[in-house]
Amino acid sequence: MRRLALWTGLLAAACGGARAPAPANVASIEVTPPAAAAPSCGAGAFAFETMRSLADEVGPRLAGSPGDARAVAWALKTFAAAGFSSVRAEAVQAPVWQRVAESASLVEPPMSLAVAALGGSVSTPPGGVTGEVVRFESLDALRRTEADLTGKIAFIDVVTARTRDGSGYGQAVGARIAGASAAAKRGAMAMVVRSIGTEASRLPHTGAMGYDKDLPRIAAAALSTNDADLLTRTLKRDPHAKLRLSIETRTLPDAATANVMAEVPGVSEELVVLGAHLDSWDLGRGAIDDGAGVGLVVAAAHELLAGPKPARTVRVVLFAAEENSGAGGKAYAAAHAAEAARHFAALEADLGAGAAWGVRVLTASAQSNAARGLFSGIPDVEVLGADASGGADVGGLRALGVPIVDVMQNAEHYFDVHHTAADVPEVVDRAAMERAACVFARVTRTLANTDVQLGRVEEARRSKH
Ligand SMILES: [Zn+2]
């Protein structure tokens, strides 16, 4: 056991975790080499294999697509095979959007650029649009401009900062979500955004966007970061440089999909909800987003099946349509509002496959310290003073006052491949994901069995600021 503990410490240090330095005589201590190291808990391998099964056997699964229907069938089969109870699908209606064709090129010198339509974008007029490009460094800069963009293409070249907690994404993503309407307000005929991603590559990152209902709807697309850099350099040489952009998409009537749920029965009817989203964007195979989250929560609950019955029931919810509408999370909160009081706590995994490094809680104020104390002994993990926020899918439960627990994962590399064609199992750091699975399992076991009460989150703290 001592060897294992030491090895775990070394791994954490290698991955940037805040650990004491290794003892000076470490070289003289016999440790198991990494290749031969066993997973540090039973949940690790199960989490990884579940992620890979979903990515390999289902692949892309945007809401309403044939892949989405395959994902629902996969989830039902996976839960049943793993021995869960109350396996079921609850109907969700979700918007359906399809990518048909997309291309972009510089007019002079003629050069093709790597581009992806943003989810929800309309098409350009047939044949595409060609126009001068006006560059902005941020969404705010575009919103502040008084320039007339009629007949032009707005380009938001916002850089996504690499951060451990994923906050760089939060700061940049507004340009993707709201850039098209901000550009349309100034008369632009299309909007391109630098991919909301942290890597330098030619892979464009798709993702959701929306339109202001009072403004014309113009096509919106993401350029790869390399191509955004090329466009910026070209504009420096020639401020009148033109871009040709052709986007073809389809919006179909809303379609039926489902939240897929399963339970580990507990002694009481109180519920601990573990959530992740089953859908993915269309370009990759949804390995890190959110096959990893699916693997982590299914494995955490699965661990409990082998032991004594937990005090509370653990319900795993694989949410539908997180990426293009959040319809699954909203449907769950609406369908289960009457039993909100049974929900002891909810936790969501949607930040990839990175190592876990922190835990945050959001409970009744009077219970915060006691709740934090529950997680203080978990290896590799610090308990943070800030409130948990929960992800998009448990937002509806949070709004009903249900306590939230966040397991913080290292997101430094998450946004390198997020929403791109490279979101495949090969990019997952298996050792980091397996260690994260152990933390999710430990947190789940604690929530399922603790005597500490978490209360209800006070009204004023239920919405995110
Ligand atoms: Zn996600």
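None of the values given here were measured: they were computed from a predicted structure.

Student: How do you make sense of the nonpolar core when you look at a structure like this?
Tutor: Nonpolar side chains in soluble globular proteins tend to end up buried together. Counting 142 residues, the largest nonpolar core has Ala 221, Leu 296, Val 297, Ala 437 and Phe 440 as the members making the most contacts within it. A domain split of this core shows at least three residues from each of domain 2 (39–95 + 255–461) and domain 3 (108–240). Here Leu 296 is in contact with Ala 47, Ala 276, Ala 349, Ala 436, Ala 437 and Phe 440, once residues within four sequence places are set aside.

Student: Just to check I follow, could you spell out the domain arrangement of the protein chain for this structure?
Tutor: As a measure of interface size, the accessible area lost when the parts come together is often cited. When cut into domains, the protein chain gives domain 1 (1–38), domain 2 (39–95 + 255–461) and domain 3 (108–240). Taking only C-alpha atoms into account, the centre of domain 2 sits 32 Å from that of domain 3. Tallying the contact residues gives 17 residues for domain 2 and 19 residues for domain 3. Looking at the side of domain 2 that touches domain 3 element by element, the count peaks at three residues for helix H12 (residues 414–417). Its residues assigned to classes, the side of domain 2 that touches domain 3 comprises nine nonpolar, five polar and three charged.

Student: What's the story with the confidence of the model for the protein chain in this structure? I'm lost.
Tutor: As a note on interpretation, predicted positions should not be read in detail where pLDDT is low. Averaged over every residue, the pLDDT of the protein chain is 92; residues scoring 70 or more account for 91%. A low-confidence stretch, residues 1–39 (pLDDT under 50), is modelled with 27 contacts involving residues beyond four sequence positions or located in other chains.

Student: So what exactly am I meant to see when it comes to the packing of helix H8 (residues 287–305) against helix H13 (residues 430–449) here?
Tutor: When two helices pack together, you describe them by how their axes are tilted relative to each other and by the distance separating the axes. The interhelical angle for the contact between H8 and H13, taken along N-to-C directions, is 50°, at an axis separation of 8 Å. By the angle between their axes, H8 is oblique relative to H13. Relative to H13, the crossing made by H8 is right-handed. On the side of H8, the interface is formed by Ala 292, Leu 296, Val 297, Ala 299, Ala 300, Ala 301, Glu 303 and Leu 304, while H13 contributes Met 433, Ala 436, Ala 437, Phe 440, Ala 441, Thr 444, Arg 445 and Ala 448. Partitioned by chemical class, the residues of the contact of H8 with H13 number 13 nonpolar, one polar and two charged.

Student: Would you explain unusual backbone geometry in this entry?
Tutor: Backbone phi values are negative for most residues with the exception of glycine, while trans is the configuration of most peptide bonds. With an omega dihedral of -5°, the bond running from Glu 108 to Pro 109 counts as a cis peptide bond. Counting through the fold element by element, Pro 109 comes out in the loop between strand E1 (85–106) and strand E2 (111–113). In this model, Asp 289 is joined to Asp 290 through a cis peptide bond whose omega is 5°. Looking at where Asp 290 falls in the secondary structure, it is placed in helix H8. Phi is positive for His 419, which is not a glycine, with a value near 65°.

Student: In this structure, what is going on with the environment of Arg 162? I would like to understand it.
Tutor: Within the fold, Arg 162 resides in the loop between strand E5 (153–156) and helix H5 (167–172). Note on Arg 162: 17 C-beta atoms within 10 Å, which makes it partly exposed. On a C-alpha basis, the gap between Arg 162 and Thr 257 in space is 34 Å, while along the polypeptide they are 95 residues apart. Not counting residues within four places of it along the chain, the set of residues in contact with Arg 162 comprises Gly 168, Thr 198 and Glu 412.

The rules behind each value
- Residues numbered from 1 in each chain as written.
- Predicted model: local features only at pLDDT ≥ 70, side-chain atom pairs only at ≥ 80, totals over all residues.
- Core = buried A, V, L, I, M, F, W, Y, C linked by C-beta atoms within 7 Å.
- Buried ≥ 20, exposed ≤ 12 C-beta atoms within 10 Å, placed from the backbone.
- Domains from an automatic or database assignment.
- Contact = placed C-beta atoms within 7 Å.
- Helix = DSSP H or I, 4+ residues; strand = E, 2+ residues; numbered from the N terminus.
- Nonpolar A, V, L, I, M, F, W, Y, C, P; charged D, E, K, R; others polar.
- pLDDT = per-residue confidence, 0-100.
- Axes fitted to C-alpha atoms, helices over the stretch in contact; angles between N-to-C directions.
- Parallel < 35°, antiparallel > 145°, perpendicular 65-115°, else oblique.
- Left-handed = near helix turned anticlockwise from the far one by under 90°.

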